[in-house]
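Summary of the model geometry
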Amino acid sequence: MGEFVERLEERFGKERIQQVPESIAVDHPLLLLNLEKEANVTLLLTNGLSDYEMPLPEKAPQQPFNELYFCLPSYWDWNDFENPNFNWVFDWLQRLAVHVKEKQTWFGNGHTLQCGKEMTSLSTTMLQNHFFLSDPILLENEMRELPLKEKTVHFLSVIPIFPDEMDYKQGKGTLKLKEKLIGHGISEKLDDYRGTVLRSKWRLRR
């Protein structure tokens, strides 16, 4: 067990943290962290991405050591590893971690990424096809920076967004999109039922 996990256990309690089985986390180690925040949520987060020091541009915030996470709602059965409406988070979090290291690049607040070359929807219930990386919103306090002996680890949440939200971000900028999301009560907590923030009236999908 590394120092990162030890510090997490000190902050949240050892009983709240578990390793994702290696049969699922094949390409990159993952952790599950059970939290209580209004409604219960479970975090799926990378374990060890912060061992990689990201090469930051000169004007970027100096946060070279990062871990990524998805915030799973209480109604998700993440134990159902065979269900494509749930298991995509395990695949995608590993893919993001592997990508940033293999490409020797960096991730930061406001970065957007497409969901593969085909930009297909994440699942039959999660129709978004891009990711928006953000500093913690709902979990701003819980997922604040984590000091280790020789570095400080920061957390970036992964938020699925719709194509028109991606276009809005490209046209208006990161801050405007984030304001739109927060203004509609949207945070990093995954929501299968939300619509795009750019529609005046949301319609529930059947």
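Computed from a predicted structure; not experimentally measured.

Digging into the overall build of the protein chain
- A count of helical and extended segments in the protein chain gives 4 helices and 8 strands.
- Starting at the N terminus, the α and β elements of the protein chain follow one another as α-β-β-β-β-α-β-β-β-β-α-α.
- For 206 residues, the compact-globule estimate of 2.2 N^0.38 gives 17 Å, and the protein chain sits close to it at 16 Å.
- Oriented by its inertia axes, the alpha-carbon framework of the protein chain measures out at about 50 × 40 × 35 Å.
- Out of the 206 residues in the protein chain, the part that is buried amounts to 50%.
- Taking all contacts inside the protein chain whose residues are at least 6 apart in sequence as the whole, residues at least 24 apart take part in 61%.
- Taken as a whole, the protein chain presents about 11000 Å² of accessible surface, with 46% of it coming from carbon and sulfur.
- Measuring between centres, the 25 positive side-chain charges of the protein chain sit 8 Å from its 31 negative side-chain charges.

So, helix 2 (residues 84-102)
- With 19 residues, helix 2 extends 26 Å from end C-alpha to end C-alpha; this agrees with the ideal 27 Å at 1.5 Å per step.
- Residues of helix 2 that are buried include every one of Asn85, Phe86, Trp88, Val89, Phe90, Trp92, Leu93, Gln94, Leu96, Ala97 and Val100, and no others.
- Where helix 2 terminates, the next one or two residues include Gln104, which has phi positive at roughly 50 degrees.

Section: the pairing of strand 4 (residues 66-73)
- A large share of strand 4 lies buried, amounting to 8 of its 8 residues.
- Of the two faces of strand 4, the one holding Asn66, Leu68, Phe70 and Leu72 and the one holding Glu67, Tyr69, Cys71 and Pro73 are both buried throughout.
- With 4 bridges connecting them, strand 4 and strand 8 (residues 152-161) associate as parallel partners. Of the residues in strand 8, the one forming a bridge with Tyr69 is Ser157.

What about the pattern of salt bridges?
- Applying the stated criterion across every chain yields a total of 6 salt bridges.
- A salt bridge links Asp91 to Arg95; the shortest N-O distance between them is 3.3 Å. Taken together, the residues span about one helical turn, with Asp91 and Arg95 both in helix 2 at a distance of 4 residues.
- Asp91 gets classed as partly exposed once you look at its relative accessible area, which sits at 36%.
- Between Arg194 and Glu165 there is a salt bridge; the shortest N-O distance is 2.8 Å. Pair noted here: Arg194 is in the segment after helix 4 (174-183) and Glu165 is in helix 3 (residues 163-172), with a separation of 29 residues, a long-range link. For the pair formed by Arg194 and Glu165, the shared burial category is buried.
- Among the charged side chains, a network of salt bridges with common partners joins Glu3, Arg7 and Glu10.

Section: the pairing of strand 6 (residues 130-134)
- Taking burial as the measure, the 5 residues of strand 6 include 5 buried ones, the bulk of the element.
- Residues His130, Phe132 and Ser134 line one face of strand 6 and the alternating positions Phe131 and Leu133 line the opposite face, and both faces are buried.
- Here strand 5 (residues 112-114) runs beside strand 6; their pairing, made up of 3 bridges, is antiparallel. Within strand 6, the position partnered with Gln114 by the bridge is His130.

Thoughts on unusual backbone geometry
- A positive phi angle, close to 50 degrees, is found at Gln104, a residue other than glycine.
- Residue Gln104 is classed as exposed on the basis of its relative accessible area, which comes to 54%.

Rules behind the numbers
- Residues numbered from 1 in each chain as written.
- Predicted model: local features only at pLDDT ≥ 70, side-chain atom pairs only at ≥ 80, totals over all residues.
- Heavy atoms only, no water.
- Helix = DSSP H or I, 4+ residues; strand = E, 2+ residues; numbered from the N terminus.
- Rg over C-alpha atoms; globule rule 2.2 N^0.38 Å.
- Buried < 20%, exposed > 50% of the residue type's maximum accessible area, 1.4 Å probe, protein only.
- Contact = heavy atoms within 4.5 Å.
- Areas by Shrake-Rupley, 256 points an atom, 1.4 Å probe, with all protein chains shown as cover.
- Lys, Arg positive; Asp, Glu negative; His and termini not counted.
- Charge placed at Lys NZ, Arg CZ, Asp CG, Glu CD.
- Expected span 1.5 Å × (residues − 1).
- Pairing = 2+ DSSP bridges.
- Salt bridge = Lys/Arg side-chain N within 4 Å of Asp/Glu carboxyl O.

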